[in-house]
Structure formats: C-alpha cells, structure tokens
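Given next are the chains, with one letter for each unit.
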Amino acid sequence: MQSKESRQQTSSSTSSIASGLRTANTNIPDRFLSKEGVTARNKAVYQRYIDYWNNGVDTDEIYNLIHPDHRQVHHTFTGVGVEHKRSGIVYFWSRFAKLRMEVLSQVAEGDQIISFVVLHGIQQGEHVGHPDMERLVHLHSAFRDRFLDGKIRETEIITDFDAFRKVPWVKKEKEITLSLKSEGVGLSVVAAEWDYVAHENTPGLREGTQMDASPTEDRTASSTPASSMGQGPGQEFKRGCPQSHFTQQ
C-alpha cells in the first residue's frame, strides 16, 4: 500500500497537471534542455497553441507561441512573421462559428512535431455571398511544425480543400449541431510531462548554468531549400489571407 507521504506526492503531481502547462516557462533556450526535454517542451507549446485557437480570443499570448521569424508554407496562407500567423487565425474566427481544432494524432521528436488535425466549425454564408446559408465543416489538415527555443519557428500545412468544397450549404433556419467524438491530444498528459521536465529534468538549469542573451543558432532557417518553400528566385512570400478557397460553393 502507498504510504501517506507517497499519496501526498501523487496528489501534488496530479494537481500540477492542470496548472503546469501554464506556469512552467516554456521559452527556455534549447541548449539548456536535454533532447527529451526539448521534445516535451515543444509538445506543451503546441498544446498552448491549440488552446489559443479554441479560446477564440485575439490576445498577445500568440507572441509567446510563435517565433518572430516564423515562416508558414501553405498553398493559400503562405507568409512570414507573427502577424501573418495571427491574421490567418483571426480570418477563421471571423468566418466560422463554434470553431474548434482537434488533434487526431501527433508524432514529436527533437525540434519537430507532425500533427493530423481537424478544424470543426459552422461556416457563415454572409462572408461568401449567401447571408441566409451556412454549412457544417470538418477541415482535415496535416501540420509539420519546427520549434526554436520554445516557439514555433516554421509551419508546413497540407489541407484537404477538395472535400471541404463538396460540403453542402443549408438554410440558417435548419439547426446545425456541432459535436466531437473525442478531445484529441490530452492536455493533462502534455502538461504533466512538461511540468516534470521543467522542474526535475532540466540539466543546464539544475546545475546552476546561467541563461544569457547570446543569440541561438537558427537551425530551421536553412534546413529547407527556399525553392521548396515557395520562395524561388524573384519570388516573395505571399502575405495576407486570400479568400479564394473559402468562397466556392
């Protein structure tokens, strides 16, 4: 049987699960973490990013999640910087009611996380010329995110827009119910993992190493050829949020 002290420690660990993700500092430079620590920290940051999407509130929290030099590669939403990332999220918030992002599966290793995601919501027809129409959509996408020092540095997205376009519109008088079968990646698991890493298994910090402001090498900047990211000779990243893929019936 567990001793009283052991049960108290278990209870303390359980209570930290809910709060660890938001109280632990996730912007610790990679060089101060073990390989396992970097992976756990990145998963925690990604969960905070999902929370940001699902909260539906435009706050400065995004600056704690997205790297200033962030690059996004997508056939519609390609662009650079935090503000581009923010504008894309706000675009979806303004056009879909009851918006929720669900992570179906995820693989994380080192500075990379690959996620299969479904964006659930009710598209509002007034934005595409049908003020009395709406439709329930489940937009499937695959994300490859790379992280640097606790922030998302690079994102590649592939989205199944073909299936999206085939979703029929209905009159707004018809009630649409949005239901989810699962919650996707468990917040408690990721939070507990990072909470442990941050407080118990951070080699550099545990040994008293001081963090300095020296620049960290950006391993993601040159990892992908410019031509494969939509930036060949004479080309620039497209900015803004074109609406072409969301205006077709």
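Overview of the structure. Please read these numbers as outputs of a predicted model, since none were measured by experiment.

Definitions and cut-offs
- Residues numbered from 1 in each chain as written.
- Predicted model: local features only at pLDDT ≥ 70, side-chain atom pairs only at ≥ 80, totals over all residues.
- Heavy atoms only, no water.
- 1 Å grid on protein atoms, 1.4 Å probe; cavity = no way out; pocket = protein on both sides within 12 Å on 5 of 7 lines; lining within 4 Å.
- Points joined across faces, edges and corners; volume = space filled by probe spheres on them.
- Helix = DSSP H or I, 4+ residues; strand = E, 2+ residues; numbered from the N terminus.
- Nonpolar A, V, L, I, M, F, W, Y, C, P; charged D, E, K, R; others polar.
- Salt bridge = Lys/Arg side-chain N within 4 Å of Asp/Glu carboxyl O.
- Buried < 20%, exposed > 50% of the residue type's maximum accessible area, 1.4 Å probe, protein only.
- Expected span 1.5 Å × (residues − 1).
- Contact = heavy atoms within 4.5 Å.
- Polar contact = N/O pair within 3.5 Å; in protein donor to acceptor, adjacent residues only side chain to side chain.
- Phe/Tyr/Trp six-rings, centres within 6.5 Å; stacked < 30°, edge-to-face > 60°.
- Lys NZ or Arg CZ within 6 Å of the ring centre and 35° of its normal.
- Pairing = 2+ DSSP bridges.

**Focus: empty space enclosed by the protein**
- All chains considered together, the criterion is met by three cavities of 30 Å³ or more.
- What the largest cavity holds in volume is close to 250 Å³.
- Forming the boundary of the largest cavity are 19 residues, of which Trp-53, Phe-77, Phe-92, Phe-143 and Ile-157 lie nearest the centre.
- For the lining of the largest cavity, the secondary structure elements donating two or more residues are helix 2 (35-55), helix 3 (82-95), strand 4 (112-124), strand 5 (133-148) and strand 6 (151-159).
- At five residues, the largest contribution of residues to the lining of the largest cavity is made by helix 3.
- Taken together, the residues that form the lining of the largest cavity break down as twelve nonpolar, six polar and one charged.

**Notes on the pattern of salt bridges**
- If you walk through the whole model with that rule in mind, you get eleven salt bridges.
- For the salt bridge of Lys-171 with Asp-132, the shortest nitrogen-to-oxygen distance reads 2.6 Å. Linking Lys-171 in strand 7 (residues 170-171) with Asp-132 in the loop between strand 4 and strand 5, this pair joins segments that are 39 residues apart in sequence.
- Assessed through its relative accessible area of 44%, Lys-171 is described here as partly exposed.
- A salt bridge links Lys-166 to Asp-162, with the nearest nitrogen and oxygen atoms 3.4 Å apart.
- Using a relative accessible area of 46% as the deciding quantity, one classes Asp-162 as partly exposed.

**Observations concerning helix 2**
- For helix 2, spanning 21 residues, the distance from its first C-alpha to its last is 31 Å, which sits close to the expected 30 Å at 1.5 Å a residue.
- The element helix 2 is extensively covered by neighbouring structure, given that 16 of its 21 residues are classed as buried.

**Structural notes on the environment of Gln-72**
- Summarising the element assignment, Gln-72 is placed in strand 1 (residues 66-73).
- You can call Gln-72 buried: its relative accessible area is 7%.
- Between the C-alpha atom of Gln-72 and that of Asp-145, which follows or precedes it by 73 residues, the distance is 9.1 Å.
- Excluding residues that lie within four positions of it along the chain, Gln-72 makes contacts with Phe-77, Thr-78, Gly-79, His-84, Lys-85, Thr-155 and Ile-157.
- Within the local environment of Gln-72, its side chain forms a polar contact with the side chain of Lys-85, the two groups lying 2.5 Å apart.

**Considerations on the packing of aromatic side chains**
- One pass over the full model with this rule turns up nine aromatic pairs.
- Where Tyr-91 meets Phe-92, the ring centres are 5.7 Å apart and the plane angle is 80°; that geometry is what we call edge-to-face.
- Looking at Tyr-91, the relative accessible area reads 6%, which means it is buried.
- Centre to centre, the rings of Phe-92 and Phe-96 are 5.6 Å apart; their planes meet at 25°, and the pair counts as stacked. Across the pair, Phe-96 and Phe-92 agree in class, each one buried.
- Aromatic ring contacts, followed pair by pair, group Trp-53, Phe-77, Tyr-91, Phe-92, Phe-96, Phe-161 and Phe-164 into a single cluster.
- A cation sits over an aromatic face here: Arg-135 above Phe-164, 4.7 Å from the ring centre.

**Comments concerning the pairing of strand 5**
- Among the 16 residues in strand 5, twelve count as buried, and that is most of the element.
- Pairing of strand 4 with strand 5 involves 13 bridges; the strand directions are antiparallel. Its bridge partner being in strand 5, Leu-119 is matched across the sheet by Leu-139.
- Examined bridge by bridge, strand 5 and strand 7 share two bridges and lie antiparallel to one another. In the strand pairing of strand 7, Met-133 is matched with Lys-171.
- Alignment of strand 5 against strand 6, held across eight bridges, turns out to be antiparallel. The residue of strand 6 that forms the bridge with Asp-145 is Thr-155.
- Adjacent in sequence and paired antiparallel, strand 5 and strand 6 are bridged by two residues, among which Asp-149 carries a positive phi angle near 55°.

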